[in-house]
Amino acid sequence: MPTLQHFLAPLCILMVPCLGSAHDVWLQTDSPVVRTGENVQVDLRLGNHGNHHRDFKLAGRVSLDWVSVEHRAPDGTRTDLRNDLFATASAEKEGYWTTPIAVSQPGVHCVIESLQRVMNHGRPVRGVRTAKTYFLVADSLDSASIDHPIHSQPDGLPFELVLLNCPISETMVGQPITVMVLHHGKPLPDVVVSFIPEGQELSGEFDPEYERRSDDRGHARFVPRVGRRYLIVAHHKADDERSDEYDYTSYASTITLQVANQTPWARK
């Protein structure tokens, strides 16, 4: 069984600004629902959401040297995807990473990314980035069902968002999306959580239309008004997590969801 150390790549020093504290990674698939036996395309992308450019725009291509990417099947089986990823651009820092996954097990699947690295941008900072996305595999797209959704299970990451709604049957326009922010497994209050629709750039230091603060339980709730892909992003600066190698720890976590206008799929 993989451990937390399996998710986190070795700690090392980064002297280039490719992945600064203002950059996040996210995962996305080409479809939220696929038929059993077909392929789903999974992308690993890099953006600059932490720099108040909160959108889906690319900001270079993250190095795989310190990245872990895993596919978790409905029965809990985990598969390492890192060595299967290939670049979409020939230039070193352009495009993004992608790979197809051949899926044979019906149910809700999850792809999880994690990285940890010390970066130097005038002062050394330990950056921890985690990301998740989900998709449903069904024998028939006309009668898909969800037996044992795995979205609400924390993955033991040092900082993560946990989705409290089913990412398939309960993610649609007009229905609330609720996430829980966890820091070392404990709910973290007063964290800004951004719910970014694809094609929309959030404005200002805090955009009240698309951003919420987590409550005492670590919960943040948002009701989408348009059906499209959404990127959910949270950040946390831990000044008390320091060492001789770095001054503080910068956390970020993302979840990517496809919000439907309506859904024909129901949980059993």
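This report concerns the structure included in the present document. (Residues numbered from 1 in each chain as written. Predicted model: local features only at pLDDT ≥ 70, side-chain atom pairs only at ≥ 80, totals over all residues. Heavy atoms only, no water.)

**A few points about the pairing of strand 12 (residues 159-163)**
Right, so step 1: Burial within strand 12 is extensive, with 5 of its 5 residues counted as buried.
Right, so step 2: In strand 12, alternate side chains face the same way, and those of Phe 159, Leu 161 and Leu 163 on one face and Glu 160 and Val 162 on the other are all buried.
Right, so step 3: One ladder, built from 5 bridges, connects strand 12 with strand 13 (residues 177-183); its direction is antiparallel. Looking across to strand 13, one finds that Phe 159 is bridged to His 183. (Buried < 20%, exposed > 50% of the residue type's maximum accessible area, 1.4 Å probe, protein only. Helix = DSSP H or I, 4+ residues; strand = E, 2+ residues; numbered from the N terminus. Pairing = 2+ DSSP bridges.)

**Focus on the pattern of salt bridges**
Close approach of charged atoms allows side chains of opposite charge to pair.
Right, so step 1: Tallying each qualifying case throughout the model produces 17 salt bridges.
Right, so step 2: Its salt-bridge partner being Glu 201, residue Lys 57 comes within 3.5 Å of it at the nearest N-O pair. With Lys 57 in the loop between strand 4 (39-47) and strand 5 (67-72) and Glu 201 in the loop between strand 15 (192-197) and strand 16 (211-213), the pair connects residues that are 144 residues apart, well separated along the chain.
Right, so step 3: The exposed category is assigned to Lys 57, whose relative accessible area is 52%.
Right, so step 4: With a relative accessible area of 35%, Glu 201 lands in the partly exposed category.
Right, so step 5: Across the pair Glu 209 and Arg 225 runs a salt bridge, and its minimum N-O distance is 2.3 Å. (Salt bridge = Lys/Arg side-chain N within 4 Å of Asp/Glu carboxyl O.)

**Side note on empty space enclosed by the protein**
Right, so step 1: This model, assessed by the stated rule, comprises 1 cavity of 30 Å³ or more.
Right, so step 2: By volume, the largest cavity amounts to about 100 Å³.
Right, so step 3: Lining the largest cavity are 13 residues; nearest its centre among them are Thr 29, Thr 133, Tyr 134, Leu 257 and Gln 258.
Right, so step 4: Of all the elements in the fold, those that place two or more residues in the lining of the largest cavity are strand 2 (24-29), strand 10 (124-138) and strand 19 (248-258).
Right, so step 5: No other element matches strand 19, which puts 3 residues into the lining of the largest cavity. (1 Å grid on protein atoms, 1.4 Å probe; cavity = no way out; pocket = protein on both sides within 12 Å on 5 of 7 lines; lining within 4 Å. Points joined across faces, edges and corners; volume = space filled by probe spheres on them.)

**Things to note about the pairing of strand 2**
Right, so step 1: Counting buried residues in strand 2 gives 6 out of 6 residues, a clear majority hidden from the surface.
Right, so step 2: Residues of strand 2 alternate between two faces, with Asp 24, Trp 26 and Gln 28 on one and Val 25, Leu 27 and Thr 29 on the opposite face, all of them buried.
Right, so step 3: Note that strand 2 and strand 4 share 6 bridges and pair antiparallel. Residue Trp 26 lies in a different strand from strand 4, and its bridge partner there is Arg 45.

**Some details on the packing of aromatic side chains**
Right, so step 1: Evaluated as defined, the whole model comprises 5 aromatic pairs.
Right, so step 2: Taking 5.5 Å as the distance between ring centres and 35 degrees as the angle between the ring planes, the aromatic pair formed by Phe 159 and Tyr 251 counts as tilted. On the criterion of sequence distance, the pair formed by Phe 159 in strand 12 and Tyr 251 in strand 19 is long-range, its members being 92 residues apart. This pair shows no difference in class: Phe 159 is buried, exactly as Tyr 251 is.
Right, so step 3: The interplanar angle of 40 degrees and the centroid separation of 6.4 Å between the aromatic rings of Tyr 210 and Phe 222 together place this pair among those described as tilted. Of the two residues, Tyr 210 is situated in the loop between strand 15 and strand 16 and Phe 222 in strand 17 (residues 219-222); the sequence distance between them amounts to 12 residues.
Right, so step 4: In this structure Tyr 210 comes out as buried when scored by relative accessible area, which is 13%.
Right, so step 5: For Phe 222, a relative accessible area of 3% puts it in the buried group. (Phe/Tyr/Trp six-rings, centres within 6.5 Å; stacked < 30°, edge-to-face > 60°.)

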